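# A closer look at the structure
Listed below are the residues making up each chain.
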Amino acid sequence: MSEERSIPQTMGQQFGRRSWAEPWKIKMVEPIRQLPRPERERAMAEAGYNTFLLRSADVYIDLLTDSGTGAMSDRQWAGLMMGDEAYAGSRNFYRLVETIQAYYGYKYIVPTHQGRGAEHLISQALIQQGDFIPGNMYFTTTRLHQELAGGTFVDVIIDEAHDPTDLHPFKGNIDLEKLQALIDRVGPERIPYISVAGTVNMAGGQPISMANIKAVKALADRYGIRVYLDATRMMENAFFIQEREPGYEDKSIADILKEFCSYTDGAWMSAKKDNLVNIGGWLATNEEAVFERTRNMVVVYEGLHTYGGMAGRDMEALAIGITEAVQDDYVRARVGQVRYLGELLTDWGIPIVQPIGGHAIFLDAKRFYPHIPQDEFPAQTLAADIYIDSGVRGMERGIVSAGRNPETGEHRRPKLELVRLTIPRRVYTQAHMDVVAESIKAVWDKRHDARGLKMVYEPKYLRFFQARFERL
Ligand SMILES: *Cc1c(COP(=O)(O)O)cnc(C)c1O
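So, here is what we can say about the structure in this document. All figures in this text were calculated on a predicted structure; none of them were measured in a lab.

## Topic: the site of the ligand
Taken together, 14 residues sit near the ligand, with Gln114, Arg116, Asp230, Ser270 and Lys273 positioned nearest. With respect to the ligand, the side chain of Arg233 contributes an N or O atom lying 2.9 Å from an oxygen atom. Between the ligand and the protein, one listed contact pairs an oxygen atom with a side-chain N or O atom of Ser270 at 2.6 Å. Across the complex, the protein chains shield 95% of the 380 Å² of accessible surface that the ligand would expose by itself. Mapped by element, the contributors of at least two residues to the shell around the ligand are helix H5 (115-126) and helix H6 (140-148). Its residues assigned to classes, the shell around the ligand shows one nonpolar, seven polar and six charged.

## Examining helix H10 (residues 253-262)
Of all the positions in H10, only Ile253, Ile256, Leu257, Glu259, Phe260 and Cys261 are classed as buried. Those residues of H10 that are buried lie in contact with helix H4 (91-104), helix H8 (210-223), strand E6 (226-230), helix H9 (234-244) and helix H13 (328-347).

## Things to note about the pattern of salt bridges
Pairs may arise between side chains of opposite charge once their charged atoms sit close together. Tallying each qualifying case throughout the model produces 29 salt bridges. Among the ionic pairs, Lys446 bridges to Asp389, the shortest N-O distance being 3.9 Å. Remark: Asp389 occurs in helix H15 (residues 378-390) and Lys446 occurs in the loop between helix H17 (430-445) and strand E13 (453-457); sequence separation between them is 57 residues. Under the relative-accessibility criterion, Lys446 is labelled partly exposed at 40%. Asp389 sits in the buried class, given a relative accessible area of 19%.

Parameters and conventions
Residues numbered from 1 in each chain as written. Predicted model: local features only at pLDDT ≥ 70, side-chain atom pairs only at ≥ 80, totals over all residues. Heavy atoms only, no water. Near = heavy atom within 4 Å. Polar contact = N/O pair within 3.5 Å; in protein donor to acceptor, adjacent residues only side chain to side chain. Areas by Shrake-Rupley, 256 points an atom, 1.4 Å probe, with all protein chains shown as cover. Helix = DSSP H or I, 4+ residues; strand = E, 2+ residues; numbered from the N terminus. Nonpolar A, V, L, I, M, F, W, Y, C, P; charged D, E, K, R; others polar. Buried < 20%, exposed > 50% of the residue type's maximum accessible area, 1.4 Å probe, protein only. Contact = heavy atoms within 4.5 Å. Salt bridge = Lys/Arg side-chain N within 4 Å of Asp/Glu carboxyl O.

Given below as structure tokens:
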């Protein structure tokens, strides 16, 4: 904690007594409706108690994910009309490349259809059979692509990240001793890159500090190991650095983002998150040889290297989205809305991961349903119960998401057993947040009656998307 300032308790304290508001107004609306309770019960049973298997028309407030669910601006919609749908060399591609270079600072860009397309390319390009890839907590698709390429992911995040009550301001930090121990154990030549994520999703949207990435880069340089960044939510990470790290309070989000990326050799990106588009992704690198390999592979798996699975119009909206997503007032309102919901729940004594992260609230299902053992899927149960109460859809981030160890076939048993309520960008209002909070409170008040689930169908890969359950 020594290097960092403490976390402001509320946005109100940070900005005096004045409220913040979104730097936009609403121009178009999409009707939503709440099904009656008996229909919600039926829909949940039909979906096998897996919120991924619900129909969106049966959902009232959809907090399943912030992936591709954001609202585009009028400028982005106008940008769609500027799509240059040439197969090769689309004007929109060059604008996208220039925008990524300007804001993230990387030299070479390979477009992909979404984040996992970029993860696939970088994993196949850099990982050899038997390699180890250290990272600040796993992410589902990232780790799977590393494993499919023959690597083994090794979690080197600080211990505080696994404790949902620990108030460390940068719980996304890498533990340098764990990293050093892995280098000593397997040798630097078995580590193709360090896999660093901004605002670590699985830890509750927790940021990594500038001091930490600098130290990671210095250690990596000593051994000639690359550092690659999962830049999916770096805008939100930059906001937390601005808020909490001494020396950054007067720097802009854009400046912080660029400095952070300068300590890495490249990045992969799910543009569906904080680049404010519904589909898209990219891979960036400063290494010419890596660029050449991935630019060649993209032709096999995604599309030509000047569109990578995106339409020209998608690339235009994405370039515009980047310029909007780095605005300080936008990011402050974005994180502010997440924090508003989290503070309501905290005030009511409902256990959530602290500190409140950048993109979602994570309910701590272990403390919510302490009577349900992990083998009966407490977080899966809680996500189902919230939907039944109100039609609000969240998702499990616990033992189901963690999957099985490919060698032993056993469940991986993560310390964190969470329900994620992810806030789409620029979509819902503060009133929606109130409705969500009140529903969770209603489930909390009946928590002693809750019964767990048993898994009745389990797919081989990324089972959380398609697994089915029955009520015990
Ligand atoms: C969503 C996500 C990905 C994968 O991106 P897709 O666009 O869903 O393929 C990778 N890393 C993180 C941290 C993500 O949140």
